[in-house]
Number of protein chains: 2
Amino acid sequence: MTRTVFFVSDSTALTAEMLGHSLLTQFSGNHFHEMTIPFVNTPERADEAAKTIREQSANDDRRPIVISTLIDPALRLHERIPEALHLDLFDTFIDTLEHELEQKASHRAGAAHAITDINEYMDRMEAVNFTMNHDDGVHPRDLAEADIILLGVSRSGKTPTCLYMALQFGVKAANYPLTEEDFAIQGLPKILQPWRKKLFGLTIDPERLAQIRRERAPNSRYATPENCRFEVEESEALMRHNSIPHLDTTTLSVEELATTILHRTGLKRHGFS
Amino acid sequence: MTRTVFFVSDSTALTAEMLGHSLLTQFSGNHFHEMTIPFVNTPERADEAAKTIREQSANDDRRPIVISTLIDPALRLHERIPEALHLDLFDTFIDTLEHELEQKASHRAGAAHAITDINEYMDRMEAVNFTMNHDDGVHPRDLAEADIILLGVSRSGKTPTCLYMALQFGVKAANYPLTEEDFAIQGLPKILQPWRKKLFGLTIDPERLAQIRRERAPNSRYATPENCRFEVEESEALMRHNSIPHLDTTTLSVEELATTILHRTGLKRHGFS
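Residues numbered from 1 in each chain as written. Chains lettered and ligands numbered in written order. Predicted model: local features only at pLDDT ≥ 70, side-chain atom pairs only at ≥ 80, totals over all residues.

A closer look at the sheet that holds strand β5 (residues 148–153) of chain B
Residue and element names in this part refer to chain B.
Part 1: Ordered in space as β6-β5-β7-β8, the four strands form an open sheet in which the pairing is parallel. The open sheet has two edge strands with one neighbour each: β6 (173–178) and β8 (246–248). When strand polarity is set aside, the average angle formed by the axes of neighbouring strands in this sheet is 25°.
Part 2: Sheet analysis places strand β7 (residues 199–203) next to β8, joined by three bridges and oriented parallel. (Pairing = 2+ DSSP bridges. Helix = DSSP H or I, 4+ residues; strand = E, 2+ residues; numbered from the N terminus. Axes fitted to C-alpha atoms, helices over the stretch in contact; angles between N-to-C directions.)

Remarks on the pairing of strand β7 (residues 199–203) of chain A
All names here are of chain A.
Part 1: The buried count for β7 comes to five of five residues, which makes it a mostly enclosed element.
Part 2: On β7, burial covers both faces: Leu199, Gly201 and Thr203 on one face and Phe200 and Leu202 on the other are all buried.
Part 3: Summarising the sheet, strand β5 (residues 148–153) and β7 pair through three bridges and their orientation is parallel. Bridge pairing in β7 links Leu151 to Gly201. (Buried ≥ 20, exposed ≤ 12 C-beta atoms within 10 Å, placed from the backbone.)

Concerning the nonpolar core
Part 1: Formed by 83 residues in total, the largest nonpolar core has its most connected members in Ile149, Ala166 and Ala173 of chain A together with Ile149, Ala166 and Ala173 of chain B.
Part 2: Once you skip the residues sitting within four places of it in the chain, Ala166 of chain A turns out to touch Ala127, Val128, Phe130, Thr131, Val171, Lys172 and Ala173 of chain A.
Part 3: Ranked by size, the runner-up nonpolar core spans 63 residues in total, among them Leu24, Ala46 and Leu87 of chain A together with Ala109 of chain B. (Core = buried A, V, L, I, M, F, W, Y, C linked by C-beta atoms within 7 Å. Contact = placed C-beta atoms within 7 Å.)

Notes on the interface of chain B and chain A
Part 1: Of the residues lining the interface, 62 residues belong to chain B; the matching set on chain A comes to 62 residues.
Part 2: Of all the secondary-structure elements, those providing two or more residues to the side of chain B that touches chain A are α1 (14–24), β2 (31–37), β3 (65–69), β4 (85–88), α3 (89–101), α4 (118–133), α6 (158–169) and α10 (254–265) of chain B.
Part 3: Looking at the side of chain B that touches chain A residue by residue, the classes come out as 31 nonpolar, 24 polar and seven charged. (Nonpolar A, V, L, I, M, F, W, Y, C, P; charged D, E, K, R; others polar.)

Side note on the domain arrangement of chain A
Part 1: According to the domain assignment, chain A consists of domain 1 (2–101) and domain 2 (118–265).
Part 2: Between the C-alpha centres of domain 1 of chain A and domain 2 of chain A the distance comes to 39 Å. (Domains from an automatic or database assignment.)

Comments concerning the relation of the copies chain B and chain A
Part 1: Superposing chain B onto chain A requires a rotation of 180° together with a translation of 0.0 Å along the rotation axis, leaving an RMSD of 0.0 Å. The superposition of one copy onto the other is thereby described by a two-fold rotation axis.
Part 2: A shared interface surface links the copies, since 100% of the contact residues of chain B are contact residues in chain A too. (Least-squares fit on C-alpha atoms with pLDDT ≥ 70 in both.)

Structure follows, in structure tokens:
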């Protein structure tokens, strides 16, 4: 039985989606048909949204669920489509906060993801550029400038994690790929030695690694289970040997990896913009 | 007057932060001291979190605000620190949803950002790798594989926007930098001609562009107001001439850019993992 769920917002709908996902993952076994309706920022668009919701859920056995972040009361969907179940972020929490802060909410739409602090925003973009330009960049200058250096074998998750940290948290993340050359020497690669405190390792289940590598390079030695097992064992030995904190990426999403690393290293999370 | 606000979660705290930010931006003029406490996933850590909250807000005139997503009732902070104002996502909405769906919530912590669909997750990572490997990549093969091709002058915001679309929505975004060579010819650059329907332009205020470029390359011709004005005028003319939809990035955040482009082009947003 399908239940249609709508994420509706006057702006990007990112908050409504994230809020909704957090809630819906608590109800496994259901089949949710999810639909996002962003930029509902005029009464006409609110009418349209109500129409879309009605049409899209017309054949469902049960009423639609509308998870929304609509700050302007004139845009609210409750009266436009009273038959739906409405969970609205602002409706729910804004009164409490107005009372607590002894201040009226601005009711300005679309403020959540707007650029609020231009300097912070520039920092984030600078971190993104740094990470883009220095992916698998092992120049001493890059390592010196980095806030953190992730190391691990090829396809252990370094690049997406670096990017997420840069984009979401403004952290300059560099990336050192461990290869057979590094395993041949004992100890830490020379170029990393001045930066021990910035190092964080990523490891991964060898079978999962082989699976990921096969998609890119089928029938290569690089992707064989034996080679993947060898590389993972050697890289873990290197990390243990040098007391480098590390994390197994096998079952973690990029979001979980990035936040866990920040938490463990104590690196500052910058606010969202 | 500073008010201390805590974002607390049994997992990444990304949802609590986003939820909190959406609410707090409605109360401008306040100075919020924000602190994130992620991974509160045992009763001991919940005790610790309560202690941290109490200590960090000890010198405030007003009580702290705790915005949380704690799914396990044994971890809830209400009783551990009753003097705070608590806004908890699950507390607020989960009963309504249990009733509506006629199902008990799983109360499994950390589900929101875990990998729920491995294929979808792999798609997102593939999109990230595509975008990383083809940044300013103008090979015909890349353009053929892309879901969307952003074009604009250097530093108009193409790269961060592409990355955000890949990382958040699993969209393969390629990137075509418009340069003087393109302005010299009339019409659309030849390499883009087969892909008219995938094109989306970014433009920017020339003064803002000059400011951004000066940070990277001070005293260069590239960063002069005259050159920036010329490039922006030419690129906008090219977009208008070829009926390429476009967006001014000057005051928009990456989140707003990415979601607006998806909305306008009708490209599918993939779910979060």
